[in-house]
Amino acid sequence: MARVRLSVGERREELVRAAIEQIEARGVSDVRIADVAAALGVSNALVLYHFASKEKLVAAAFAHAAESDLARLRMSLGRRTSAVRRLRAAVRWYAPTGQAKGWRLWIEGWAVSLREPALRAVTRDLDRQWKSAIIEVIAEGAAAGEFVCADPEATARRLTALLDGLAVQATVYTGSVSRTRLQGWVDEALAQELGLAVQELTTERRRSRP
């Protein structure tokens, strides 16, 4: 059966999705252009026509995968409710015990970024977007008097640094820390940063449930 002819955009998306699957199966370092080509039944030359190198293909795949988590983050932070509720929902969702799917890919991406400028540029930009979204909501909540925060940027950086570190521990050393304990640490950190009691965050969680 002849393959359906795809547009350039459709072909690139097909290649990116295949690359994501291969990266998840083999890891960023071990995945090859040949693996992606074989998964789709196309030639190495076709992959290289759309992405001039493995590094560029990996960078595109990483950006595509991470954008889905960023889209969910923006949706959560854009809801019409208090800044505290939005922050808590976003932080708990993005924490290593939440539903964000990209942690393993992020961790591999950070490691490879030490040596690959193309991927480093992508991870830096995605990290900036994540932090900027958190900073904006913290600043909004402080301005509305929901909590006190003199430096939203510093607060966002400390919170995201904690989440990044916990994610590495939870992902690399599965089961080393219980889910309940991790969630407790995240709640405590958020409450401390916002000058609130943990009980106030818990109340916000219960109110936000359907």
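Rules and cut-offs
Residues numbered from 1 in each chain as written. Predicted model: local features only at pLDDT ≥ 70, side-chain atom pairs only at ≥ 80, totals over all residues. Heavy atoms only, no water. Helix = DSSP H or I, 4+ residues; strand = E, 2+ residues; numbered from the N terminus. Buried < 20%, exposed > 50% of the residue type's maximum accessible area, 1.4 Å probe, protein only. Contact = heavy atoms within 4.5 Å. Areas by Shrake-Rupley, 256 points an atom, 1.4 Å probe, with all protein chains shown as cover. Axes fitted to C-alpha atoms, helices over the stretch in contact; angles between N-to-C directions. Parallel < 35°, antiparallel > 145°, perpendicular 65-115°, else oblique. Left-handed = near helix turned anticlockwise from the far one by under 90°. Salt bridge = Lys/Arg side-chain N within 4 Å of Asp/Glu carboxyl O. Core = buried A, V, L, I, M, F, W, Y, C linked by side-chain atoms within 4.5 Å.

(A) Highlighting the overall build of the chain. From N to C terminus, the chain includes 10 helices and zero strands. Reading the helices (α) and strands (β) of the chain from amino to carboxyl end gives α-α-α-α-α-α-α-α-α-α. Counting over 210 residues, the chain shows a buried share of 43%. The contacts in the chain between residues at least 6 apart in sequence include a share of 62% that link residues at least 24 apart. As displayed, the chain offers around 11700 Å² of accessible surface, 51% of which is attributable to carbon and sulfur atoms.

(B) Region of the structure containing helix 2 (residues 33-40). Looking at helix 2, one finds that the buried residues are Ile33, Asp35, Val36, Ala37 and Leu40. If you follow the buried residues of helix 2, they end up packed against helix 1 (8-26), helix 3 (44-50) and helix 4 (54-77). Looking one or two residues past helix 2, glycine 41 carries a phi angle of roughly 70 degrees, positive in sign.

(C) The arrangement of the environment of glycine 9 in detail. Along the chain, the position of glycine 9 falls in helix 1. Counting along the chain gives 41 residues from glycine 9 to histidine 50, while the straight-line C-alpha distance between them is 9.7 Å.

(D) Molecular detail of the packing of helix 4 against helix 5 (residues 83-94). Their axes nearest at 8 Å, the elements helix 4 and helix 5 cross at an angle of 160 degrees. Our classification of the angle between helix 4 and helix 5 gives roughly antiparallel. Considering only the axes of helix 4 and helix 5, their crossing is right-handed. Along its contact with helix 4, which presents Asp69, Arg72, Leu73, Ser76 and Leu77, the element helix 5 presents Arg86, Leu87, Ala89, Ala90, Trp93 and Tyr94.

(E) Region of the structure containing the pattern of salt bridges. Evaluation of the coordinates by the stated rule reveals 11 salt bridges. With a closest N to O distance of 2.9 Å, aspartate 35 and arginine 32 form a salt bridge. We note a salt bridge from glutamate 140 to arginine 86, for which the minimum N-O separation is 2.7 Å. Remark: arginine 86 occurs in helix 5 and glutamate 140 occurs in helix 7 (residues 117-143); sequence separation between them is 54 residues. The class for glutamate 140 is partly exposed, based on a relative accessible area of 39%. Classification of arginine 86 as buried rests on a relative accessible area of 6%. Residues joined by salt bridges that share partners form a network here, namely Arg26, Arg32 and Asp35.

(F) Up close: the nonpolar core. Grouped together as the largest cluster of nonpolar side chains are 58 residues, with contacts concentrated most on Phe62, Leu73, Ile134, Ile138 and Phe147. For this core, the secondary structure elements donating two or more residues are helix 1, helix 2, helix 4, helix 5, helix 6 (103-113), helix 7, helix 8 (152-172) and helix 9 (179-194). Looking at this core, the element that brings in the most residues is helix 4, giving 10 residues. Once residues lying within four places of it in the same chain are set aside, the contact partners of isoleucine 134 are Leu73, Leu77, Leu87 and Ala156.

(G) Spotlight on the environment of alanine 142. With respect to the helices and strands, alanine 142 occurs in helix 7. Alanine 142 sits in the partly exposed class, given a relative accessible area of 23%. The sequence separation of alanine 142 and valine 84 amounts to 58 residues, and the corresponding C-alpha distance is 9.7 Å. Not counting residues within four places of it along the chain, the set of residues in contact with alanine 142 comprises Phe147 and Cys149.

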